[in-house]
Amino acid sequence: MSELLVKNAYVIDPINDIKGEIMDIAIRDKMIVESVGSSAEVVDAKGCLTLPGGVDSHTHICGTKVNFGRYMSPEDMRAGRGRAQPYMYPVSGYSVPTVYANTYRYSALGYTTVLEGAMAPLEARHTHEEFFFTSLQDTMANTLFDGNWSVMEAVADKDLKRVAAVVGWTLAAVKGFGVKVTNPGGTEMWGWGKDVGCIHQKIDHFGITPAEIIDYLIQANELLNLPHSVHLHCNNLGKPGNYKCTLETMQRTPDLNDKRQTLYMTHVQFHSYGGTKWSDFCSKSDDVAWMLNRKPQIAIDMGQVMFGKTTTMTADGPMEFNLFRLYNNKWSNHDVELETGSGIIPVLYSRKNLVNSIMWSIGLELALMAKNPWQCMLATDNPNGAPFVKYPEIIALLMSSRYRNEEFSKVHPNTENRVHLPSLDREMDFYEIAVMTRAAQAKALGITGIGKGHLGEGAYGDIAIYPIKTDDIDPAAEYEKIIKGFSSTDYTIKSGRVISRDGNCLLNGNNRTIWVKPKIPDEYDMSKDPEFIKKFERYYSVSMENYPVEEAYLNQRNICIETETKL
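All residue numbers here refer to positions counted from 1 along the written sequence of the relevant chain. Restriction of local features to residues with pLDDT of at least 70 applies here, the model being predicted, together with a cutoff of 80 or more for giving and counting side-chain atom pairs; totals for whole chains, interfaces and linings are based on all residues. Note that the side-chain values use all heavy atoms of the structure and ignore hydrogens as well as water.

Chemist: An account of helix α8 (residues 210–223) is needed here, citing residue identities and associated values.
Modeler: The end-to-end C-alpha distance of α8, which contains 14 residues, comes to 20 Å, matching closely the 20 Å that a straight helix rising 1.5 Å per residue would cover. Of all 14 residues in α8, 11 are buried, a share of seventy percent or more. Accessibility here uses a 1.4 Å probe with only protein chains present; expressed as a share of the type maximum, an area under 20% marks a residue as buried, one over 50% as exposed, and anything in between as partly exposed. Secondary structure elements are defined from DSSP: runs of H or I of at least 4 residues count as helices, runs of E of at least 2 residues count as strands, and each element is numbered from the N terminus. Where α8 is concerned, the buried positions are Pro210, Ala211, Ile213, Ile214, Tyr216, Leu217, Ile218, Ala220, Asn221, Glu222 and Leu223. We call two residues in contact when some of their heavy atoms are within 4.5 Å. In this fold, the buried residues of α8 make contact with α5 (149–156), α6 (160–174), β9 (178–182), β10 (230–233), α9 (243–251) and β11 (263–265). Looking at the residues trailing α8, positive phi occurs at Asn225, about 60 degrees. Take the residue count of a helix, subtract one, and multiply by 1.5 Å to get its expected span.

Structure representation (C-alpha cells):
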C-alpha cells in the first residue's frame, strides 16, 4: 500500500465545484481518498495553484502518420534535443518529436491524460506500440470511420443497426476509444482525385452524402452507449467561406445525450473562415460562436494557430494536397485500404502573412466568444496549429487583453479589418482555464466516471501543482508570469506518484490505455457476418483473423470500458 498527502494546496476542481480553496488531498494506492495515515509521503504545495491532471482531448502524438512526419522532417528532429538524464531517455524534435519527448513535455505541463485524435483501424498496432512508451500519460485513440466501406454501405442501405455493429466490432478489434470522422466521404473521394464540397454532395459509388454519414454515426454512437460522442473534423477544412458548411453541420445536430454533448467538433478555427477566396479571406468566428452558444449539444476545441514552424498531418488527404499547392513544400499522401487516408506537410505560420494572422485571431475569438467554457476546449490540434508546448502562451493570451493587444500589434497590418479580436476585452480567470484544460475535456470524453479530470474521492490521483500563487499575481498585467508558471509544474502527480518535478521526470511511469468494448448481441456480431467476412477476403490485404489488435499490444494496466448497447 502506498500513501501520499498533498498539503496546503490551492485547489480549483470545476467538476466538484471547488473554485479556489486551501485544502489537503489524500491518495492511497493511486486513488484519492478521504484521509491517509501519518506515515504517508507528504508533498507541500505551499498554497500554489493545484489542478486535476491536464487532459488533452485532441492531439496527434502516436501512430503511422506521426511517425512519417518524423521521417519527412529531419530538420525538425534537430530541434529540441535533450540529453539523457536519470529516468529520462535522450530526446529530439520540436513539432513531431520522439515519443519520449512528447511524454516528458506533456508531463512538465501537468498533463496526465491524452487522446490521439485519429487512428486508422488497419494501422492501430503502430499507435498502441507508441502508446506503450508514452509512459507518463494515460492514452486513448479515436478511431477513423470517415471512409469505411462497410459503414458507408450500411448507410446506403439505411441500416442503422448494421452501422452500429460495424463500429462496435471495429472499436473492440483495434482497441479504440471513440468514433472519429474526418472530412466524411472526402477521403474516399480523394482515392479518385476528388473531394466533397459540403455535406450534401453525393459520394461516388456509394450514392450517400457526408450529412448521412454524420447522422448515422451519431445515432450509432448513442446506440452503442459510447462514453465519448462522435468526434468530427468537418468537411471543407481550411477553405475560404467554409463557415457556412460548419454552421449547417451544427444546425442539424440533434440533442441525444443528457450527460455529454452529442457532437464534438474539433479544431473549429480551421472551419470558421469567411470570404470567397484568399484575397477577401476573413473571420466568421462570430457566426460560429453564435451558433455554439445556442447548441449545448455541441462541444468544440479551438484548433489554435500559433506563429512559427510546425507540421500539419491529418486523415484529410485532399486538404493536405490543397495545402501542398499553397506552400509548394514537402508533401506526403497515404491511402489506408477501405478505411481512410492521410497527408502530411511541414508549414510556417508567419506574422507577416495576412491569412496566418487572421487564423491566429480566429482561434482566440472562438474561445473568447464562447459563453460557456465547458463547450470550448483549449487545444492546438497538436501539431497542426502549433506544438502543444505553446499551451502556456495560449493560456496567457486568454487571460490578458493587454498581452493580446501587444501581440496583435505585431501581426500583418491589414488583419484588423478582417477579424474581431481587437474588440474583445474578455479576460479569463483561473477557474475558466481549469475548465478548458481538464474538466471540460474529461467531461466531453466521458471519462469523469472512471476518475479522470477531477479530484473527488475515488478519482485517480492525477494532480498538477503549478508555481503560481493566485493572490500574488495579476494575469492581465503579469502575463509573462502566467506563461512561466504554466510551462513547468512544481509537481506533476499521476496515480499518486510524483512523475515530474520542476520539469524533470522522476520515474518511467505506469501508463494505461483506455479503450471501449461495446457488448454486441450475437445477431449483430460482424465476425460471423458473411458479407463482412467476404470484404476481408476480397479487398483487405490482411485476413480477418490477423486484423484485431491482440491484448499483448496493450500494457497490463489497460482500462476496458464495456458498454451496454441498445442493439
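Chemist: Any chance you could break down empty space enclosed by the protein for me, citing the residues and the numbers?
Modeler: Residues are called lining when one of their atoms sits within 4 Å of a cavity or pocket point, these points coming from a 1 Å grid over the protein atoms alone, where a cavity is a set in which a 1.4 Å probe fits but cannot get out and a pocket is an open set with protein on both sides within 12 Å along at least five of seven lines. Grid points are joined across faces, edges and corners, and a volume is the space filled by probe spheres set on the points. Under the defined criterion, the tally for this structure stands at 4 cavities of 30 Å³ or more. Around the largest cavity, the lining comprises 17 residues; the ones closest to its centre are Thr64, Lys65, Ala118, Ala120 and Glu123. Contributing elements (two or more residues each) for the lining of the largest cavity: α1 (64–72), β7 (111–119), β16 (332–336) and β17 (340–349).

Chemist: Describe the nonpolar core, and please don't skip the residues or the numbers.
Modeler: General note: in soluble globular proteins, nonpolar side chains tend to be found buried as a group. Nonpolar cores are built from buried Ala, Val, Leu, Ile, Met, Phe, Trp, Tyr and Cys residues. Side-chain atoms within 4.5 Å join them into one set. Core analysis: the largest hydrophobic core is formed by 146 residues, its most contacted members being Leu217, Leu398 and Phe486. In contact with Leu217, other than residues within four places in its own chain, are Phe145, Val151, Val163, Val167, Val179, Val181 and Val230.

Chemist: Give a detailed account of the pairing of strand β14 (residues 298–301), specifying residues and quantitative values.
Modeler: The alternating pattern of β14 places Ile298 and Ile300 and Ala299 and Asp301 on opposite faces, both of which are buried. Here β11 runs beside β14; their pairing, made up of 3 bridges, is parallel. Bridged to Tyr264 within β14 is Ala299. The criterion for strand pairing is that DSSP finds at least two bridges linking the strands in question. Across 2 bridges, the pairing between β14 and strand β18 (residues 376–377) is parallel. Considered in β18, the bridge of Asp301 is made with Met377.

Chemist: Go over the layout of surface pockets with me, naming the residues and quoting the values.
Modeler: The volume enclosed by the largest pocket comes to roughly 500 Å³. If you trace the largest pocket, you find 31 residues lining it, with Gly238, Trp278, Leu323, Leu326 and Met359 closest to the centre. For the lining of the largest pocket, the secondary-structure elements that each account for two or more residues are β15 (308–314), α11 (317–327), β17 and α12 (354–369). Broken down by element, the lining of the largest pocket gets its largest block of residues, 6 residues, from α11. Among the residues making up the lining of the largest pocket, the classes are represented as 17 nonpolar, 10 polar and 4 charged. Counted as a void, the second largest pocket has a volume near 430 Å³. As for the second largest pocket, its lining consists of 19 residues, and the residues nearest its centre are Asn225, Leu226, Pro227, Asn257 and Lys259. When residues in the lining of the second largest pocket are grouped by element, the largest group, 4 residues, is from strand β24 (residues 559–564). Basically, the charged four are Asp, Glu, Lys and Arg, the nonpolar ten are Ala, Val, Leu, Ile, Met, Phe, Trp, Tyr, Cys and Pro, and anything else, Gly included, counts as polar. Split by residue class, the lining of the second largest pocket holds 5 nonpolar, 6 polar and 8 charged.

Chemist: Explain the sheet that holds β17 to me, and be specific about the residues and the numbers.
Modeler: The strand order β15-β17-β16 describes an open sheet built from 3 strands, whose pairing is antiparallel. Both outer strands of the open sheet, β15 and β16, are each paired with one neighbouring strand and no more. For this sheet the average axis-to-axis angle between neighbouring strands, irrespective of direction, equals 15 degrees. Only C-alpha atoms enter the line fits that serve as axes; for helices the fit covers just the stretch in contact. Angles between N-to-C directions range over 0 to 180 degrees. α11 rests against β15, β16 and β17 of the sheet, and its axis sits at about 30 degrees to β17.

Chemist: Give me the lowdown on the state of the cysteines, citing residues and values where you can.
Modeler: Disulfides are defined as pairs of cysteine sulfur atoms found within 2.5 Å of each other. Within this structure, the stated rule accounts for 1 disulfide. Looking at Cys48, it has no disulfide partner, and the nearest cysteine sulfur is the one in Cys505, 20 Å off. Using a relative accessible area of 7% as the deciding quantity, one classes Cys48 as buried. Free cysteine Cys62: the closest other cysteine sulfur is in Cys505, separated by 15 Å. On the basis of relative accessibility, which here comes to 1%, the residue Cys62 falls in the buried class.

Chemist: Give a detailed account of the packing of aromatic side chains, specifying residues and quantitative values.
Modeler: Any two rings among Phe, Tyr and Trp, with Trp reduced to its six-membered ring, count as a pair given centres within 6.5 Å; such a pair is stacked if its planes are under 30 degrees apart, edge-to-face if over 60, and tilted if neither. Using the criterion set out here, one finds 28 aromatic pairs in the structure. Plain terms: the ring middles of Phe536 and Tyr547 are 5.1 Å apart, the flat faces sit at 80 degrees to each other, and that makes the pair edge-to-face. Linking Phe536 in helix α17 (residues 530–538) with Tyr547 in the loop between α17 and β24, this pair joins segments that are 11 residues apart in sequence. Two conditions define a charge sitting above a ring: the NZ of Lys or the CZ of Arg must be within 6 Å of the ring centre, and it must be within 35 degrees of the ring normal. Just above the ring of Trp515 sits the side chain of Lys175; from NZ or CZ to the centre is 5.0 Å.

Chemist: Which residues make up the packing of helix α10 (residues 285–292) against α12, and what are the values?
Modeler: Contact pair α10 / α12: the axes reach a minimum separation of 9 Å and the direction vectors enclose 30 degrees. Viewed along their axes, α10 and α12 adopt a mutual orientation that is roughly parallel. Judged by the sense of rotation from one axis to the other, the crossing of α10 with α12 is right-handed. In this structure, α10 uses Ser285, Asp286, Val288 and Ala289 to contact α12, whose residues at the interface are Ile362, Glu365, Leu366 and Met369. For classification purposes, an angle smaller than 35 degrees is called roughly parallel, one larger than 145 roughly antiparallel, one from 65 to 115 roughly perpendicular, and anything else oblique. Should the near helix be turned anticlockwise from the far one by less than a right angle, the crossing is left-handed, and should it be turned clockwise, the crossing is right-handed.

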